[in-house]
Amino acid sequence: AELALTIAVPSTIASGANTLAVGSFELRRHTVDANTGGTDEALVAGDNAVTLTLPGSAGASGSVFLRIRATATPGTGQAAGAYAGTITVTASYTGA
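Visitor: I'd like to hear about the overall build of the protein chain, residue by residue, with values.
Guide: Each helix and strand counted, the protein chain has zero helices and eight strands in total. Tracing the protein chain from N to C terminus, the helices and strands come up as β-β-β-β-β-β-β-β. Burial analysis of the protein chain (96 residues in total) assigns 24% to the buried set. Look at the contacts in the protein chain between residues 6 or more apart in sequence, and 72% of them connect residues 24 or more apart.

Right, dumping it as structure tokens:
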């Protein structure tokens, strides 16, 4: 069986009127809730299609854990603040 994911990531994050470009995103998927191991995959700004084959991608419980991390490099004149953006994950069980 397959689980089809669409992961939408932003190209910038914002703090009020200030924006900061995101350098890169990476998805780590794992069959257990762990910070190490698993499979890494680069994500690009916009929609990313990821297909997981179950049970090969899932643990004994049928669980798949996703971690998304990003990098950003503020310039010397970048305003300080709490910057945020929206990441949207849509999952569909295809049954295939």
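Visitor: So what about the sheet that holds strand β5 (residues 39-43)? Which residues, and what values?
Guide: Judged by pairing direction, the sheet is antiparallel, and its three strands sit side by side in the order β5-β4-β7 without closing on themselves. Here the strands that pair on one side only, and so sit at the sheet edges, are β5 and β7 (65-71). Averaged over neighbouring strand pairs, the angle between their axes works out to 25° when direction is ignored. Summarising the sheet, strand β4 (residues 24-30) and β7 pair through seven bridges and their orientation is antiparallel. The partner of H30 across the bridge, within β7, is F65.

Visitor: Any details on the nonpolar core? Residues and values, ideally.
Guide: In this structure, L5, I7, L43 and V50 are the most contacted members of the largest nonpolar core, which totals 13 residues. Of all elements in the fold, only β1 (2-9), β4 and β6 (46-53) reach the threshold of two or more residues within this core. A per-element tally of this core places β1 first, with four residues. Residues contacting L43, with those up to four places away along its chain left out, are I7, V9, F25, E26, L27, N48 and I68.

Visitor: Outline the environment of V50, supporting the account with residue identities and numerical values.
Guide: Checked against the element boundaries, V50 lands in strand β6. Residues in contact with V50, not counting those within four places in the same chain, are L3, A4, L5, I7, L27, R29 and E41.

Visitor: Tell me about the side chain of R28, and please be specific about residues and values.
Guide: In this fold, R28 is placed in strand β4. Separated by 2.6 Å, the side chain of R28 and the backbone oxygen of N35 make a polar contact. Here R28 is in contact with N35, T36, G37, T39, D40, F65, L66, R67 and R69, once residues within four sequence places are set aside.

Visitor: Got a sec to walk through the pattern of salt bridges? Specific residues and values, please.
Guide: What the rule picks out here adds up to five salt bridges. For the salt bridge of R69 with E26, the shortest nitrogen-to-oxygen distance reads 2.4 Å. Here E26 lies in strand β4 and R69 lies in strand β7, a separation of 43 residues in the sequence. Taking relative accessible area as the criterion, R69 reaches 39% and is therefore assigned partly exposed. On the accessibility criterion, E26 (26% relative accessible area) is partly exposed.

Visitor: Account for a nonpolar patch on the surface, naming residues and giving values.
Guide: Taken together, the side chains of L66, I87 and V89 make up a nonpolar region of the molecular surface, amounting to roughly 210 Å² of accessible area. Following the sequence through the fold, I87 ends up in the loop between β7 and β8 (88-93). Looking at I87, the relative accessible area reads 37%, which means it is partly exposed.

Conventions we followed
Residues numbered from 1 in each chain as written. Predicted model: local features only at pLDDT ≥ 70, side-chain atom pairs only at ≥ 80, totals over all residues. Heavy atoms only, no water. Helix = DSSP H or I, 4+ residues; strand = E, 2+ residues; numbered from the N terminus. Buried < 20%, exposed > 50% of the residue type's maximum accessible area, 1.4 Å probe, protein only. Contact = heavy atoms within 4.5 Å. Pairing = 2+ DSSP bridges. Axes fitted to C-alpha atoms, helices over the stretch in contact; angles between N-to-C directions. Core = buried A, V, L, I, M, F, W, Y, C linked by side-chain atoms within 4.5 Å. Polar contact = N/O pair within 3.5 Å; in protein donor to acceptor, adjacent residues only side chain to side chain. Salt bridge = Lys/Arg side-chain N within 4 Å of Asp/Glu carboxyl O. Patch = residues over 30% accessible without salt bridge, like charges linked within 9 Å, V, L, I, M, F, W, Y side chains within 5 Å. Areas by Shrake-Rupley, 256 points an atom, 1.4 Å probe, with all protein chains shown as cover.

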